[in-house]
Amino acid sequence: MLSIRQIHPVFVGEVLGADLTGPLSPADVAAIEAGMDRYAVLVFRDQDITDDQQMAFTLNFGAIESAPGGNITKPHEYRLKKGMIDVSNLDKDGKPLERNDRRRMFNLGNRLWHSDSSFRAKPAKYSILSARTVASQGGNTEFADMRAAYDMLDDATRATIEELVCEHSLIYSRGSMGFTELTEDEKAMMKPVRQRLVRTHPVTGRKSLYLSSHAGTIIGWPIPEARDFLRDLTEHATQRELVYIHRWRLHDLVMWDNRQTMHRVRRFDESQPRDMRRTTVAGEAMTAEQAVAA
Ligand SMILES: [Fe+2]
């Protein structure tokens, strides 16, 4: 039977006694789900797993999200099989992408605070990230607890945001980094979707701030005012006390609940391979009604 110990004052658990290379007992799966509900981020050390093992582990928690639309890499350029999300700095031949490679520049958006797939109408539940080759310097992933961030808001701010709906798109997150050269097909793929600014966890009932760098507008607000307010909220939500810094070791596996956290990766030496492979558990519900196309 596995056990979990909290490793940050606010959230994040380390799971002990789990071997993810083989099938898990129903009791272990239930313990991990309960751990996710409580800690929002779980760290597993020393999990030397294959892609198939990672996908099998992922399926314990729902369907695998594999719809296109998360990046500008074309199918013939994929390094990994369907179901695996490549968050390495590598091309199909395993070589680090050139500095000016369009795919690399697009993927730099992962260095902004975000929640995975918040640009999808039905956003992701969990993300599961496996470290197959770690950076020699840098490349930490940071996590912030959006439940604690919500709890720390004053009453007036809570009242202001309660019913607000934002529009999220990769166009907004990349645009904020100066990456604006997108083809018409890419723009069509990145059409904004609506997300509530306050979410309620389906199991625990805890409220959280649903922020992401993909959020670019608040419905009914002037855009500059919306962006300013979202920046303020993000600054509040990512204050030092609410952030866990994960320093990757080879064969670490970290899973997080995108409904309750944000994350970002930090700079690293990109002349060396950093091979990180993600699987994503698809979300089960939309957070807001979507606009009907005119
Ligand atoms: Fe991410």
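Residues numbered from 1 in each chain as written. Predicted model: local features only at pLDDT ≥ 70, side-chain atom pairs only at ≥ 80, totals over all residues. Heavy atoms only, no water.

Chemist: Please provide a residue-by-residue account of the overall build of the protein chain, values included.
Modeler: Across its full length, the protein chain carries eight helices and 15 strands. Taking 2.2 N^0.38 as the reference for a compact globule, 294 residues should give roughly 19 Å; the C-alpha atoms of the protein chain span a radius of gyration of 18 Å, in line with that estimate. For the protein chain, the spread of C-alpha atoms along the principal axes amounts to about 50 × 40 × 35 Å. A total of 294 residues make up the protein chain; the buried ones form 53% of that total. (Helix = DSSP H or I, 4+ residues; strand = E, 2+ residues; numbered from the N terminus. Rg over C-alpha atoms; globule rule 2.2 N^0.38 Å. Buried < 20%, exposed > 50% of the residue type's maximum accessible area, 1.4 Å probe, protein only.)

Chemist: If you had to explain the nonpolar core to someone new, which residues and values would you point to?
Modeler: Ranked by size, the top nonpolar core spans 24 residues in total, and within it Ile161, Leu197, Leu209, Leu211 and Leu233 carry the most contacts. Sorting the residues of this core by element identifies helix H4 (146–151), strand S11 (215–218) and helix H8 (223–237) as the ones contributing at least two each. It is H8 that contributes the most residues to this core, five residues altogether. Core analysis: the next-biggest nonpolar cluster, separate from the first, contains 20 residues, Ala18, Phe57, Met255 and Val281 among them. (Core = buried A, V, L, I, M, F, W, Y, C linked by side-chain atoms within 4.5 Å.)

Chemist: So what's going on with the side chain of aspartate 28? Which residues, and what values?
Modeler: Take aspartate 28: it is sitting in helix H1 (residues 26–39). As a buried residue without a salt bridge, aspartate 28 has its nearest oppositely charged side chain in arginine 38, at a separation of 15 Å. Contact partners of aspartate 28, with chain neighbours within four places excluded, come to Met1 and Leu2. (Lys, Arg positive; Asp, Glu negative; His and termini not counted. Salt bridge = Lys/Arg side-chain N within 4 Å of Asp/Glu carboxyl O. Contact = heavy atoms within 4.5 Å.)

Chemist: How would you explain a negative patch on the surface if you had to name every residue and give the values?
Modeler: On the surface, Glu225, Asp228, Asp232 and Glu235 cluster together into a patch of negative charge. Mapped onto the secondary structure, aspartate 228 falls in helix H8. Classification of aspartate 228 by relative accessible area gives partly exposed; the value is 46%. (Patch = residues over 30% accessible without salt bridge, like charges linked within 9 Å, V, L, I, M, F, W, Y side chains within 5 Å. Areas by Shrake-Rupley, 256 points an atom, 1.4 Å probe, with all protein chains shown as cover. Charge placed at Lys NZ, Arg CZ, Asp CG, Glu CD.)

Chemist: Give me the pairing of strand S1 (residues 3–6): which residues, what numbers.
Modeler: As paired elements, S1 and strand S2 (residues 13–16) share four bridges and run antiparallel to each other. Within S2, the residue paired with arginine 5 across the bridge is glutamate 14. (Pairing = 2+ DSSP bridges.)

Chemist: Explain the sheet that holds strand S7 (residues 165–168) residue by residue, including any values.
Modeler: Sheets are built from strands that pair by backbone hydrogen bonding, the pairs being arranged parallel or antiparallel. Taking strand neighbours across the sheet as the criterion, the three strands line up as S8-S7-S11 in an open arrangement whose pairing is antiparallel. Only two strands of the sheet have a single partner each, and these edge strands are strand S8 (193–196) and S11. This sheet shows a mean twist of 40 degrees between the axes of neighbouring strands, independent of strand direction. Summarising the sheet, S7 and S11 pair through three bridges and their orientation is antiparallel. Looking at the pairing, glutamate 167 lines up with threonine 217 of S11. On the sheet, H8 packs against S7 and S11 and is oriented at approximately 125 degrees with respect to S11. (Axes fitted to C-alpha atoms, helices over the stretch in contact; angles between N-to-C directions.)

Chemist: Can you break down unusual backbone geometry residue by residue, with the values?
Modeler: Unlike most non-glycine residues, alanine 40 shows phi in positive territory, near 70 degrees. You can see alanine 40 is positioned in the loop between H1 and strand S3 (41–44). Given a relative accessible area of 0%, alanine 40 falls into the buried group.

The analysis is restricted to geometry; functional conclusions fall outside its scope.
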